[in-house]
Amino acid sequence: MNDTNNPLAGLEEWEDFLKERYPEADAPTATATTTNPAKKKEEFRNYEADARPSVREFYRLNHRHQTYEFSQAKRKEFLGLNRRQMSVWEALEYLNTLVDDSDPDTDLSQLDHLLQTAEQIRHDGHPRWFILAGLIHDLGKILCLYGEPQWAVVGDTFPVGCAWSDRIVFHKFFTDNPDFGQPRFQSRLGVYQEHCGLDKVALSWGHDEYLYHVVKDYLPPEALYMIRYHSFYPAHRDGEYAYLMNDQDREMFKWVRAFNPYDLYTKSHQRPNLAELRPFYDDLIKEYFPPALRW
Ligand SMILES: [Fe+2]
């Protein structure tokens, strides 16, 4: 996996960096509109300086290549959902073939991490669709198995086609993005209308948007927002881009923020007991999804 287009030793490196940047003590609550609004830009600079070279290179590639046109092209390429038909379990098992060699301390698989997330949500007494969102939220990472580069699968997402918030980490790398020279993409609103709603806004392409389209007919809107926007850190952790959101987005982002701590902080070294958990999750999946989904 590790090559010039895939600088991370594994996707975990990006998530470890997120945890350094958004420590658990600053975790959002369901009712907060943003976290630490007073946090200054300079603090982000430190995270940039301390980032591993692989993480820095990952963001350089992400910010260089995620243009408006690239995001549109990937939508066309993947959102016809004509690649395969799989059940949720088949997709979980398929994702599990993605080996992450970045963390020598743990041999936990992608499936273990997803089960840990779901189990923590279940433990805290949340609704069944919330647990299910936890179980499946990273299934879009199968894009890596189709041969997509890391910077087009993971990374904090951001709107394309309008000005980049200066709260986006490694903002300086955007000067190498071809959209930097395009005035129509560089104004505050760019190609969008004030409060047009995020559904009309193209974000940088990645695993969130892909999975959203696979499951959008089957889950309640709260779960769909969690899935579609869980990597949109500039909005759900930094409170940016409020001017693109409509009333529904503002309401639903409470759920995106409620989900984020489970995504970021529940990973442990303890492997979940799959055989024990399987009946519960089989029932849960059956409650919401047909036997096969189009991917
Ligand atoms: Fe994710």
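Everything below is about the structure printed above this text.
Residues numbered from 1 in each chain as written. Predicted model: local features only at pLDDT ≥ 70, side-chain atom pairs only at ≥ 80, totals over all residues. Heavy atoms only, no water.

> Residue-level account of the coordination of the iron ion, with values.
Surrounding the iron ion are the protein donor atoms D138 (OD), H207 (NE2) and H230 (NE2), which sit 1.9 to 2.2 Å from the metal. The sequence pattern formed by the donor residues of the iron ion is D-x68-H-x22-H. Taken as a pair, D138 in the loop between α7 (128–136) and α8 (183–186) and H207 in helix α9 (residues 207–215) lie far apart in primary sequence, 69 residues in all. Side by side, D138 and H207 carry an identical accessibility label, which is buried. (Donors = N, O, S within 2.8 Å, 3.2 Å for Na, K, Ca; no water. Helix = DSSP H or I, 4+ residues; strand = E, 2+ residues; numbered from the N terminus. Buried < 20%, exposed > 50% of the residue type's maximum accessible area, 1.4 Å probe, protein only.)

> Hey, could you go over α9 for me, with residue numbers and the actual values?
For α9, the buried fraction is high: nine of the nine residues fall into the buried class. Of all the positions in α9, only H207, D208, E209, Y210, L211, Y212, H213, V214 and V215 are classed as buried. Tucked into the core, α9 has its buried residues touching α1 (12–21), α4 (68–78), α7, α10 (221–229) and β2 (293–294). (Contact = heavy atoms within 4.5 Å.)

> Tell me about the packing of aromatic side chains, residues and numbers included.
A complete count under the given rule lists 28 aromatic pairs for this structure. Geometrically, the ring pair formed by Y229 and F232 is tilted, given 6.2 Å between the ring centres and 40° between the ring planes. For F232, a relative accessible area of 0% corresponds to the buried category. A cation over an aromatic ring shows up here: R188 above the ring of Y243, its NZ or CZ 4.2 Å from the ring centre. In this structure, R278 is placed above the aromatic ring of W89, and the distance from its NZ or CZ to the ring centre is 3.9 Å. (Phe/Tyr/Trp six-rings, centres within 6.5 Å; stacked < 30°, edge-to-face > 60°. Lys NZ or Arg CZ within 6 Å of the ring centre and 35° of its normal.)

> Can you lay out the packing of helix α6 (residues 110–123) against helix α12 (residues 247–265) for me, pointing to particular residues and giving the numbers?
Interaxial distance between α6 and α12 falls to 9 Å at its minimum, and their mutual angle equals 130°. Comparing their axes, α12 and α6 come out oblique. For the crossing formed where α6 meets α12, the hand is right-handed. Touching T117, Q120 and I121 of α6 are F259, Y262 and D263, all from α12. Residue composition of the contact of α6 with α12, by class: three nonpolar, two polar and one charged. (Axes fitted to C-alpha atoms, helices over the stretch in contact; angles between N-to-C directions. Parallel < 35°, antiparallel > 145°, perpendicular 65-115°, else oblique. Left-handed = near helix turned anticlockwise from the far one by under 90°. Nonpolar A, V, L, I, M, F, W, Y, C, P; charged D, E, K, R; others polar.)

> Please give an account of unusual backbone geometry that cites residues and values.
The residue H195 is not glycine, and still its phi comes out positive at about 55°. Although it is not a glycine, Y241 adopts a positive phi angle of roughly 65°. The topology assignment puts Y241 in the loop between α11 (233–236) and α12. A relative accessible area of 3% places Y241 in the buried class.

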